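Spelled out from the first residue to the last, the chains are:
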Amino acid sequence: MYTQGLDQAGKSGPDTREAETATQLDAFQARIDAEEKIEAKDWMPEAYRRTLIRQISQHAHSEIIGMQPEGNWLTRAPTMKRKAILLAKVQDEAGHGLYLYSAAETLGVSRDEMVGELLSGKAKYSSIFNYPTLTWADIGAIGWLVDGAAIMNQIPLCRCSYGPYSRAMVRVCKEESFHQRQGYELMLTLCRGTEEQKAMAQDALNRFWWPALMMFGPNDAASSHSAQSMAWKIKRFSNDELRQKFIDVTVPQAEFLGLSVPDEALWFNEDTGHYEHSDIDWQEFFDVISGNGPCNRQRLAKRRKAQDDGAWVREAARAYADKKAAAEAAA
Amino acid sequence: MSSDETLVAYASRLGDNALILGQRMIELVAASPELEEELANANFSLDYIGQARMYYTYAGEREGAGRDEDDFAFLRPEHDYKNLLLVEQSNGHFGDSTVRQFLFESWYVLLLEALTRCSDEGISVIAARAIKEVRYHLRHSSQWLVRLGDGTEESHARVQVSLDDLWRFTGEMFAPDDLDDEMRAAFNGPHLEVIETQWRENVAAVLAEATLDMPDDQWMAIGGKQGQHSEHMGFLLAEMQHLQRAYPGATW
């Protein structure tokens, strides 16, 4: 899973570019233009570094928060096979979070700092995880739609100019593709099942369709950081381009399932070869990313509780490590 | 009891321990004290779910009545689950779940070792696969027990209480019933008295390193192996079986 298009909501921080010489900036851009990878120890503009920290940490937070809506059905998964698949997926997400926090750490920020910003509510994560998973079909819809949207976003990130991020994404993408296929297969099983199961699948599509489209972020005209991210090759395609690609791929998949996409104005434009769709309710998107979604408080409260409940455990681990180190030093 | 009946009952009992413990661990997803622990917990619970699948599938094959892993996992009444009381105990805090894992895994690893030598190939093959995972789990739970026991005053006090509270569920692990006797006689199954001696030695060594006191022998709670469970079990099953019960016969 993934977040993208939230960068317009972040803050760039103080502009320190004045301290950076035109020669440095030109040389950096020349490396980007030549498709060279920027590595952790290389010189980079402060704004590039900050943009990456913001984007990678948001992505990591999304993986960690994303464990909750799926974890909600782990104890109730209907078969042993489904339980094992979902558990493996949730484990992958924790792993992605760990990778991504590590990638961000190469830019000089600690995991503690990043987690602190998540828990304080300062950092953002993908809006999609603030929607509830109400039925088992939601697990299928998340795999199919949310991971599907994530893949659209992430494949280009495998070519991102920042080396550690791009390499992390190569591995993450492999696992995401697997998740997406599992989600679709789950939906297919429901759609070939009883009337109740099919209704469950349709209901999940109805609830997740629009939030999935919102995952790509605001329209290009409203996405303030996009142009710079494109120039730096952190981003390769615009929000609207990726969203369109997702819709074009996903609508036929819904038809194959025998489900209706909840957009009465949706039609295929033969001239352009693309689907045309209704306007997205951006007010809902901005409400959710600013804290007013169905589950924002619940998701953060659960993370904070885990953090608070674990304080004595982390303290014990530190104390034990200190004792061991002291004993070794004395020996 | 025919030899097939013995194997079906024994394999499904092993499956019950693995499934119920795995299910408890799954409840801890997104609640771990560190991200690394999230990974470890998900990974280990997945191991237990995987083991349960192997045991149940084998039990179903031996039985020959068409029951598959899901019939065993989701469609039996509470009394048919024969897991130890220890594994169904609720998670409590990190110290409680760590002690539960440690006490169980210290026993389970010895049981699996013995089962790799039993004369039924179906069980011995599963045991040989499972033991690789469980050795690692035990290392993990032992290390945490030592960190908590020998960490801060608070962690030491907390985990000592966890140990004292859960100790009463350990007696059941070593009390042979008819099925254990049958398994031992017919298939060279585990000798629980021998396992108990080894278990005590191993547990004592870790507790000493953790600066924790081994609780005195006390009244022991039993019943899980006969299907008499604690109050926790009904809720665990109601949640786990929910979809299979709500939509009978559906394919998922």
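In this text the structure is predicted, and so the values were computed from the model without any measurement.

Participant: In this structure, what is going on with the overall build of chain B? I would like to understand it.
Facilitator: On a plain count of helices and strands, chain B comes out with 11 helices and zero strands. Starting at the N terminus, the α and β elements of chain B follow one another as α-α-α-α-α-α-α-α-α-α-α. In terms of overall dimensions, chain B is globule-like: its C-alpha atoms have a radius of gyration of 18 Å, near the 18 Å expected for 252 residues. C-alpha extents for chain B along the principal axes are approximately 55 × 40 × 30 Å. Counting across all 252 residues of chain B, residues that qualify as buried make up 58%. Nonlocal contacts in chain B, meaning residues at least 24 apart in sequence, comprise 80% of its contacts between residues at least 6 apart.

Participant: Looking at this structure, I do not really get the interface of chain A and chain B. What am I missing?
Facilitator: When the parts of a complex come together, some accessible area is lost, and that lost area is often used as the size of the interface. Taken together, the contact pairs 44 residues of chain A with 49 residues of chain B. Contact between chain A and chain B buries roughly 4,200 Å² in total, counting both sides, with carbon and sulfur atoms accounting for 70%. Counting the surface chain A buries against chain B, the share from its top three residues, Thr-75, Met-80 and Trp-312 of chain A, is 20%. The interface formed by chain A and chain B holds two salt bridges in total. The salt bridge involving Lys-323 of chain A is made with Asp-150 of chain B; its shortest N-O contact spans 3.1 Å.

Participant: I keep staring at the environment of Gln-182 of chain A and nothing clicks. Help me out?
Facilitator: Residue and element names in this part refer to chain A. Positionally, Gln-182 belongs in helix H6 (residues 163-191). Residue classification places Gln-182 among the buried residues on the basis of a relative accessible area of 16%. As for Gln-182 and Gly-140, which are separated by 42 residues in sequence, their C-alpha atoms are 7.6 Å apart. Setting aside residues up to four positions removed in sequence, Gln-182 forms contacts with Arg-82 and Ile-85.

Participant: Help me understand helix H11 (residues 296-309) of chain A, please; the structure alone is not making it clear to me.
Facilitator: Every α-helix carries 3.6 residues per turn, so stepping three or four residues along brings you back to the same face. For H11 of chain A, spanning 14 residues, the distance from its first C-alpha to its last is 20 Å, which sits close to the expected 20 Å at 1.5 Å a residue. Of the residues making up H11 of chain A, those classed as buried are Asn-296, Arg-299, Leu-300, Arg-303 and Ala-306 of chain A. For H11 of chain A, the arc enclosing every buried residue in end-on projection is 120°, short of the 170-degree limit, so these residues lie on one face. Opposite the packed face of H11 of chain A, turned more than 90 degrees from it, sit the exposed residues Arg-297, Lys-305 and Asp-308 of chain A. Buried positions along H11 of chain A lie against helix H2 (46-71), helix H4 (111-120), helix H10 (282-289) and helix H12 (311-330) of chain A together with helix H2 (35-63) of chain B.

Participant: Would you mind going over unusual backbone geometry with me for this structure?
Facilitator: Excluding glycine, residues mostly carry a negative phi; peptide bonds, for their part, are mostly trans. Even without being glycine, Glu-35 of chain A reaches a positive phi, approximately 65°. Note on placement: Glu-35 of chain A falls in the loop between helix H1 (22-33) and H2. On the basis of relative accessible area, Glu-35 of chain A is assigned to the partly exposed category, the value being 42%. A positive phi is found at Asn-188 of chain B, a non-glycine position, where the angle reads about 55°.

Participant: Explain the nonpolar core here, please?
Facilitator: Within the largest apolar cluster, 177 residues are counted, with the highest numbers of intra-cluster contacts made by Tyr-48, Trp-136, Tyr-162 and Trp-209 of chain A together with Trp-107, Tyr-108 and Ile-123 of chain B. Those residues in contact with Tyr-48 of chain A, other than ones at most four positions away along the chain, are Phe-28, Ile-32, Ile-38, Ser-161, Tyr-162, Trp-232 and Ile-234 of chain A.

Participant: Quick question: what am I supposed to make of the pattern of salt bridges here?
Facilitator: Side chains that differ in charge, positive against negative, can pair when their charged atoms come close. This model, assessed by the stated rule, comprises 30 salt bridges over all chains. Notably, a salt bridge pairs Glu-35 of chain A with Lys-233 of chain A, separated by 2.9 Å at the nearest N-O pair. With a gap of 198 residues between them, Glu-35 of chain A in the loop between H1 and H2 and Lys-233 of chain A in the loop between helix H8 (226-231) and helix H9 (239-257) connect regions that are remote in the sequence. Close ionic contact of Glu-117 of chain A with Lys-122 of chain A constitutes a salt bridge, the shortest N to O distance being 3.1 Å. Taking relative accessible area as the criterion, Glu-117 of chain A reaches 33% and is therefore assigned partly exposed. Look at the salt bridges and you will find they share partners, linking Arg-13, Asp-177, Asp-180 and Lys-225 of chain B into a network.

Participant: Before we go on, may I ask you to explain the confidence of the model for chain A in this structure?
Facilitator: Predicted coordinates in regions of low pLDDT should not be interpreted in detail. Taken over all residues, the pLDDT of chain A has a mean of 93, while the share at 70 or more is 94%. Below a pLDDT of 50 lies the segment residues 2-13 of chain A, which in the model reaches 55 contacts outside its immediate sequence neighbourhood of four places, other chains included.

Participant: Whenever I open this one, the packing of aromatic side chains confuses me. Can you help?
Facilitator: The description of an aromatic ring pair uses the distance of the two centres, along with the angle that the planes make with each other. All chains considered together, the criterion is met by 20 aromatic pairs over all chains. Each ring, one from Tyr-247 of chain B and one from Trp-252 of chain B, has its centre 5.8 Å from the other, and the planes form 70°; the classification is edge-to-face. Note on Trp-252 of chain B: relative accessible area 6%, which makes it buried. Through a chain of ring-to-ring contacts, the aromatic side chains of Phe-28, Trp-43, Tyr-48 and Trp-232 of chain A assemble into a single cluster. Over the face of the ring belonging to Trp-144 of chain B we find Arg-147 of chain B, whose NZ or CZ atom lies 4.5 Å from the ring centre.

The rules we used
- Residues numbered from 1 in each chain as written.
- Chains lettered and ligands numbered in written order.
- Predicted model: local features only at pLDDT ≥ 70, side-chain atom pairs only at ≥ 80, totals over all residues.
- Heavy atoms only, no water.
- Helix = DSSP H or I, 4+ residues; strand = E, 2+ residues; numbered from the N terminus.
- Rg over C-alpha atoms; globule rule 2.2 N^0.38 Å.
- Buried < 20%, exposed > 50% of the residue type's maximum accessible area, 1.4 Å probe, protein only.
- Contact = heavy atoms within 4.5 Å.
- Buried area = accessible area lost by both parts, 1.4 Å probe.
- Salt bridge = Lys/Arg side-chain N within 4 Å of Asp/Glu carboxyl O.
- Expected span 1.5 Å × (residues − 1).
- Arc of directions from axis to C-beta.
- Core = buried A, V, L, I, M, F, W, Y, C linked by side-chain atoms within 4.5 Å.
- pLDDT = per-residue confidence, 0-100.
- Phe/Tyr/Trp six-rings, centres within 6.5 Å; stacked < 30°, edge-to-face > 60°.
- Lys NZ or Arg CZ within 6 Å of the ring centre and 35° of its normal.

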